[in-house]
Amino acid sequence: MIVALTGFSCLKRCPETNWGMDYLCTSCQKLGYPAAIGTCTACGRGTSSIALELCNSCGCKLDQCQHCRKSL
């Protein structure tokens, strides 16, 4: 049996923008970050800080902290 749910998505909606620091674990939220552009190790786009491993979009998609890459 196949059921189609129109307008419903169980997938997380991640931002398309790579800028921002919305996906930090509680430990990394307490840290300060230099305002120098870095590079995302997952997609190669820019990050909001050179101290970040992941951009905002990849942090969401991978469900990992943008700084330490710990699972969120």
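Residues numbered from 1 in each chain as written. Predicted model: local features only at pLDDT ≥ 70, side-chain atom pairs only at ≥ 80, totals over all residues. Heavy atoms only, no water.

A. The state of the cysteines, seen in detail. Scanning all chains against the criterion turns up one disulfide. Each sulfur in the disulfide pair cysteine 14 and cysteine 60 lies 2.0 Å from the other. On the sign convention where negative means left-handed, the S-S torsion of about -75° between cysteine 14 and cysteine 60 marks this disulfide as left-handed. Here cysteine 60 lies in helix H2 (residues 56-62) and cysteine 14 lies in the segment before helix H1 (26-29), a separation of 46 residues in the sequence. Exposure remark for cysteine 14: the relative accessible area of 23% places this residue in the partly exposed category. Unpaired in terms of disulfides, cysteine 40 finds its nearest cysteine sulfur in cysteine 43, a separation of 3.7 Å. (Disulfide = S-S within 2.5 Å. Helix = DSSP H or I, 4+ residues; strand = E, 2+ residues; numbered from the N terminus. Buried < 20%, exposed > 50% of the residue type's maximum accessible area, 1.4 Å probe, protein only.)

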